[in-house]
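# Summary of the model geometry
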Amino acid sequence: MESSEIFNIVELTLEGLKKRLDSNNSLLIQGSTGYSEPARFTFYPGSSNQEIDSLFEELNLVIPWDYKAFLLNHNGADLFVHPFYGGGIQLYSLNMIRQVYIDYDYVSMIPQGWIPIGSDNGDMLFINTNECIDRFSSYLYWTEMLFVDSAIKVNMNFERWFERLIICNGAHFWNWNNENSERYYRHLQGHIENVNNYDGKNYTLALSKKESNK
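Here's what I pulled together on the structure shown here.

## Topic: the pattern of salt bridges
Under the criterion given, the structure shown has 4 salt bridges. One salt bridge in this structure joins D53 and K68, with 2.9 Å as the shortest N-O distance. Here D53 is found in helix α2 (residues 49-58), whereas its partner K68 is found in helix α3 (residues 65-73), with 15 residues between them in sequence. Exposure remark for K68: the relative accessible area of 17% places this residue in the buried category.

Written as structure tokens, this is what we have:
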């Protein structure tokens, strides 16, 4: 059987991102309501095949090939971190995965075969290794804290999720399908004070009551 070559989307995404970073590994990104802010990125040295395989054999779990491709490049990363306020998305190192899974005893609090690989302000990204079959498998789940009963199935593998995360400037794009106009504008109302006067300009519109209720 002839072997076929496929693109390594993880590496291509990393290369494209790094080309856009400045000397401080920062990037100006745009969020909702036109708000622009700098974001910093930290990439840690990659792991070896032996280190990766050793951990997942110890945990008796299967590692998806695309997530392994990321770990070979970088054993963890901090993405879209504000230079003053922190935050951002943390992709765990092998040591952090082991610490969370075993030392923090997440193994007893999550479904069998799940493993945490990242977080953002308490919310967590999991791989369901039971669903890791081939390149077309969708095995990622997102949870608020550890509320795995209400976990969101991301319907992607790691390489697709990572590529879109970078394209979307760190936004939680996997939640967009659940957003309707009412939810969007209710969320926007919470930022109205910042939007009223942005860079010294007023961008609010005066709508009649009839128009605002449409």
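## Things to note about unusual backbone geometry
Even without a glycine there, the phi angle at F80 is positive, about 55°. Examined against the element boundaries, F80 turns out to sit in strand β3 (residues 74-81). Given the relative accessible area of 11%, F80 is considered buried. Of note, M145 is a non-glycine position whose phi angle comes to about 55°, a positive value. Tracing the backbone through its elements, the reader meets M145 in the loop between β7 (140-143) and β8 (152-153). Assessed through its relative accessible area of 45%, M145 is described here as partly exposed.

## Regarding the nonpolar core
Within the largest apolar cluster, 52 residues are counted, with the highest numbers of intra-cluster contacts made by Y67, F70, L79, F158 and W161. The element contributing the most residues to this core is helix α5 (residues 158-167), with 5 residues. If near-sequence neighbours (up to four positions away) are discounted, Y67 is found in contact with F56, Y92, I97, I117, I127, Y139 and F158.

About the criteria used
- Residues numbered from 1 in each chain as written.
- Predicted model: local features only at pLDDT ≥ 70, side-chain atom pairs only at ≥ 80, totals over all residues.
- Heavy atoms only, no water.
- Salt bridge = Lys/Arg side-chain N within 4 Å of Asp/Glu carboxyl O.
- Helix = DSSP H or I, 4+ residues; strand = E, 2+ residues; numbered from the N terminus.
- Buried < 20%, exposed > 50% of the residue type's maximum accessible area, 1.4 Å probe, protein only.
- Core = buried A, V, L, I, M, F, W, Y, C linked by side-chain atoms within 4.5 Å.
- Contact = heavy atoms within 4.5 Å.

Remember that the coordinates give geometry; whether it matters functionally is a separate question.
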